[in-house]
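So you can see what is in the structure, the chains are spelled out below.
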Amino acid sequence: MKILVANPRGFCAGVNMAIECLDEAIRMFGSNIYVYHEIVHNKYVVERFTQKGVTFVNAISEVPEQSILLYSAHGVSPEIREQSRARKLQTIDATCPLVTKVHLEAVKYAREGYHIVLIGHEGHDEVIGTMGEAPASITLVEDPEDVAKLSFPLDAKVAYLTQTTLSVEEAGRVIASLKSRFPKIESPPKEDICYATTNRQDAVKQLAKNSDVVIVLGSQNSSNSRRLQEIGASFEKRSFLVDGAEELQREWFSDADTVLITAGASAPEVVVQDCIAWLSREFGATIEEVTTREEHVAFPLPRELRVLQSARN
Ligand code: SF4
């Protein structure tokens, strides 16, 4: 058996920043820290911080007054920020700057009187945060069928935005339906699906065709990880999304000569290496890392944390 290890894979710049931010906050304040939603959508990462004493909450009312609260990489709506202020929380914003970009676009289009169509998945933390920026102006669509149901007048000002972690192909289909229904529809100059999502999907598209099985490391609630697993399946390969090596099953690999391993943007490298070690042990697999694109993106820690850091030094 040969293992193809996709590169790029795993942590993106936004996830690296959010995790570093929480680690640094723990160093500075101890572990009596609260995080609104999962810091990133990964079971392993959340368990690691939970073991350190961090508390993850789904409502601001769960956070004691005047506590330290981190906003996760997926961003929050203005309403959540307001609730935190009312509770006198000391907040640190670990929202990925590429998510913030989409929030700012929503605010701008709403201010200019556009109907905004957000392409995304209902209930995802990022979508809830973005919609909260301009709830009266944004309509969520998931697929071309939703586009057919839109009832804006044909001469209305319409713009579209997208969740950052969609399938490039599927989003493209929804955008094509939007453009055919609203030929003058506006969009931001630079697209919203982020570089990390695009690069990880491109790597699977290039490598899956030469593989028999595709293993994606990531959690079930990680949007970009699920898209990678779906791309593997779209090449008619056995394609699995797993949190770690303990979920791998021997029979998935029967008759498999080549296994592609990748990881979603929130999955740590340690779980990738565990899977490689398991396959090497069980099947005597050899390993080939294939780089389809170099990534050199990094984001600074949030300003409020840097200010606190320099005040301490
Ligand atoms: S997947 Fe993209 S948008 Fe999401 S945290 Fe990573 S870089 Fe930011």
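Preceding block: the structure.
Everything in this summary refers to the structure shown in the same document. (Residues numbered from 1 in each chain as written. Predicted model: local features only at pLDDT ≥ 70, side-chain atom pairs only at ≥ 80, totals over all residues. Heavy atoms only, no water.)

**Structural notes on the overall build of the chain**
- For the chain, the helix and strand inventory stands at 11 helices and 12 strands.
- For the chain, whose C-alpha radius of gyration is 21 Å, the value lies close to the compact-globule estimate of 20 Å for 313 residues.
- Taking all contacts inside the chain whose residues are at least 6 apart in sequence as the whole, residues at least 24 apart take part in 74%.
- Carbon and sulfur atoms make up 49% of the accessible area of the chain, which totals about 14400 Å². (Helix = DSSP H or I, 4+ residues; strand = E, 2+ residues; numbered from the N terminus. Rg over C-alpha atoms; globule rule 2.2 N^0.38 Å. Contact = heavy atoms within 4.5 Å. Areas by Shrake-Rupley, 256 points an atom, 1.4 Å probe, with all protein chains shown as cover.)

**A word on the environment of Ser 151**
- Along the chain, Ser 151 turns up in the loop between helix H6 (144–148) and strand E8 (158–162).
- When its relative accessible area of 68% is taken as the criterion, Ser 151 is described as exposed.
- Separated by 18 residues in sequence, Ser 151 and Glu 169 place their C-alpha atoms 25 Å apart. (Buried < 20%, exposed > 50% of the residue type's maximum accessible area, 1.4 Å probe, protein only.)

**Some details on the site of the ligand**
- Surrounding the ligand, one finds Cys 12, Gly 14, Cys 96, Leu 98, Thr 164, Thr 165, Cys 194, Tyr 195 and Ala 265.
- When the residues that make up the shell around the ligand are grouped by side-chain class, the tally is 6 nonpolar, 3 polar and no charged. (Near = heavy atom within 4 Å. Nonpolar A, V, L, I, M, F, W, Y, C, P; charged D, E, K, R; others polar.)

**Let's talk about the sheet that holds strand E11 (residues 258–263)**
- Taking strand neighbours across the sheet as the criterion, the 5 strands line up as E10-E9-E11-E1-E12 in an open arrangement whose pairing is parallel. Of all the strands in the sheet, just strand E10 (238–242) and strand E12 (286–291) have a single pairing partner and so form its edges. Going across the sheet, the axis of each strand differs from the next one's by a mean of 20°, ignoring polarity.
- Sheet topology note: the strand E1 (residues 2–7)/E11 ladder contains 4 bridges and is parallel. Bridge pairing links Leu 4 to Leu 260 in E11.
- Running over the sheet, helix H9 (residues 223–234) touches strand E9 (213–217), E10 and E11 and is turned about 165° from E10. (Pairing = 2+ DSSP bridges. Axes fitted to C-alpha atoms, helices over the stretch in contact; angles between N-to-C directions.)

**A few points about the side chain of Ser 177**
- Checked against the element boundaries, Ser 177 lands in helix H7 (residues 168–181).
- With residues up to four places along the chain from it excluded, the contact list for Ser 177 reads Pro 144 and Val 147.

**Quick look at helix H2 (residues 43–52)**
- By the burial criterion, the buried members of H2 are Val 45, Val 46 and Phe 49. The arc enclosing the buried residues of H2, seen along the axis, measures out at 95°, which places them on a common side.
- Each element contacted by the buried residues of H2 is listed here: helix H1 (13–29) and strand E3 (55–57).
- Capping of H2 at its N-terminal end is provided by Asn 42; its side-chain oxygen lies 3.0 Å from the backbone amide nitrogen of Tyr 44.
- Just downstream of H2, Gly 53 is the residue with a positive phi angle, here 110°. (Arc of directions from axis to C-beta. Polar contact = N/O pair within 3.5 Å; in protein donor to acceptor, adjacent residues only side chain to side chain.)

**Observations regarding the pairing of E8**
- Across the 5 residues of E8, 5 count as buried, placing the element largely inside the fold.
- In E8, alternate side chains face the same way, and those of Val 158, Tyr 160 and Thr 162 on one face and Ala 159 and Leu 161 on the other are all buried.
- Direction of pairing for strand E6 (residues 115–119) relative to E8: parallel, over a ladder of 5 bridges. Paired with His 115 across the two strands is Val 158, which belongs to E8.

**Describing unusual backbone geometry**
- With an omega of 10°, the peptide bond running from Asn 7 to Pro 8 counts as cis.
- As for its position among the elements, Pro 8 is in the loop between E1 and H1.
- Positive phi, close to 70°, is recorded for Gln 66, a residue that is not glycine.
- Counting through the fold element by element, Gln 66 comes out in the loop between E3 and strand E4 (68–71).
- Of the residues examined, Gln 66 reaches a relative accessible area of 59% and is grouped as exposed.

**A look at the packing of helix H8 (residues 195–208) against H9**
- Interaxial distance between H8 and H9 falls to 9 Å at its minimum, and their mutual angle equals 20°. As summarised for this structure, H8 and H9 are arranged roughly parallel, according to the angle between their axes. Classified by chirality, the crossing of H9 by H8 is right-handed. Between H8 and H9, the contacting residues are Thr 197, Arg 200, Gln 201, Val 204 and Lys 205 on the first element and Asn 224, Arg 227, Leu 228, Ile 231 and Gly 232 on the second.
- By residue class, the composition of the contact of H8 with H9 is 3 nonpolar, 4 polar and 3 charged. (Parallel < 35°, antiparallel > 145°, perpendicular 65-115°, else oblique. Left-handed = near helix turned anticlockwise from the far one by under 90°.)

**Quick word on the sheet that holds strand E7 (residues 138–141)**
- Strand order in this open sheet of 3 strands is E7-E6-E8, and the pairing throughout is parallel. Two strands bound the open sheet, and with one partner strand each, they are E7 and E8. Between one strand axis and the next, the sheet turns through 25° on average, direction left out of account.
- Contacts from helix H4 (residues 97–111) reach E6, E7 and E8, with the element oriented near 170° to E8.

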